[in-house]
Amino acid sequence: MKEINDIVKAYKKAQINGLKSALATVVKVEGSSYRQAGARMLVTEDGQLTGAISGGCLEGDALRKALLAIHQKNNKLITYDTSNPDDLEFGVQLGCNGIVHILFEYIDENSAQNPISLLEKTTEKRNESVILTLFSLEKRNKQTGTIGLLKKGDFILSDSGCISESEVNRFSSEVLEKKQNILARLSSNEILLQYLPPQTTLVITGAGNDVKPLVETASILGWKIVIADGRATHALKKRFPLADEVLLATPEEIIKTIEIDEATVFVMMTHNYNYDLALLKLIIHQPIPYIGLLGPKTRFNRMMDDLKNSGITVGEKELNKLFGPVGIDIGAETSEEIAISVTAEIKAVLSGKKGSSLRDKPEKMHTDILSI
């Protein structure tokens, strides 16, 4: 979601400066690639790049293709074959062992439903979204591009002649159910249906100095950051300029103030046992995928006993969302190292991963996109 937010901001800045833009989107990958289908990059006519479609090896040539799309005001599909390590076509040895298809779309700022406008709508409200992008490997001179958005309570199809609403609903239902991208075939065209979760909200309870590195790390990922603390001397916005909100609040006030959903995670860093316990009682049965508790295992076990003694059920479902001590074991000691450990653990949980070394992964690094 951060990449989309950055692209939208860059586009608006380009508009203010009177600059034209093109959007490059990875629509299909065969074999291995640094970025997968759905990766995007905005190119403005002054050569500025926002986002990424590769690890840097394709951006140079992609810039030229995007500028051509802007000049011709036309969409283009370009295929990059990175499977040959001796291929010097782009000035570097790519060796990614994959074929990458990238769609370049000219952004017509006079169109109310241009690709950037649709992307911007995915950031409005905290709901899952599906972005639809239509392209053709057979008819390379005729590329439709981003055609629609499906979001809870909002359905936009900018080109209804390409796909029926029933087909959109059928494909999108599968995307939302599996929470992953799908590539579907439509006659001579293919359609990429990209799943976009709502922005992650990280709620940190505690406003000590050890919280600052976690705020800085999470902000790099584009998460919404809310800090809450019961101490007026600590819960100050000037202490955490990168946080979206800083609340002086009791556990009960936190629950009343924050919108909690499946994209909300909590990390408790108050160093106040009673405060943490009171909050945990309120959120343990909420639809939260991750609750991290700072402190040793003995503190965690004591908290579990106190919850049970209070009559609160702590079953397997609840235990699976609790992480105490918080963080992945990387030998972290300093607050900066702990911040990296915690952020990595949260990301792994939200992605359904174990957080193990990629070196030990027997299969491909990226899961193949589902084709139907």
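Since we're looking at a predicted model, the values are computed, not measured.

So, about the sheet that holds strand E5 (residues 98–106). Strand pairs in the sheet, formed through backbone hydrogen bonds, run parallel or antiparallel to each other. In spatial order, the strands read E3-E2-E1-E5-E4; together these five strands make up an open sheet with antiparallel pairing. Of all strands in the sheet, those bounded by a partner on one side alone are strand E3 (49–51) and strand E4 (76–81). Between one strand and the next, the sheet's axes are offset by a mean angle of 25°, whatever the strand orientation. Packing against the sheet, helix H1 (residues 2–16) makes contact with strand E1 (21–31), strand E2 (40–44) and E3, and its axis sits at approximately 10° to E2. In the packing of helix H3 (residues 115–122) onto the sheet, the strands contacted are E1, E2 and E5, and the crossing angle to E1 comes to about 75°.

Before going further, it helps to spend a moment on the UniProt feature "domain: XdhC Rossmann" (unreviewed entry) in the chain. Sequence positions flagged by UniProt for "domain: XdhC Rossmann" (unreviewed entry) are, in local numbering, residues 202–346. Summarising residues 202–346: 40% helix, 17% strand, and an end-to-end C-alpha distance of 9 Å.

Looking now at the environment of Gly-60. Mapped onto the secondary structure, Gly-60 falls in helix H2 (residues 59–72). Residue Gly-60 is classed as partly exposed on the basis of its relative accessible area, which comes to 37%. Spatially, the C-alpha atom of Gly-60 lies 35 Å from that of Asn-127, the residues being 67 residues apart in sequence.

By the secondary structure assignment, Thr-313 is in the loop between helix H8 (297–309) and helix H9 (316–321). A relative accessible area of 56% means that Thr-313 is categorised as exposed. Separated by 28 residues in the primary sequence, Thr-313 and His-285 place their C-alpha atoms 8.9 Å from one another. What Thr-313 contacts, discounting residues up to four positions off in sequence, is His-285 and Glu-318.

The rules behind the values
- Residues numbered from 1 in each chain as written.
- Predicted model: local features only at pLDDT ≥ 70, side-chain atom pairs only at ≥ 80, totals over all residues.
- Heavy atoms only, no water.
- Pairing = 2+ DSSP bridges.
- Helix = DSSP H or I, 4+ residues; strand = E, 2+ residues; numbered from the N terminus.
- Axes fitted to C-alpha atoms, helices over the stretch in contact; angles between N-to-C directions.
- Contact = heavy atoms within 4.5 Å.
- UniProt positions renumbered as here; feature names shortened; annotations may be inferred.
- Buried < 20%, exposed > 50% of the residue type's maximum accessible area, 1.4 Å probe, protein only.

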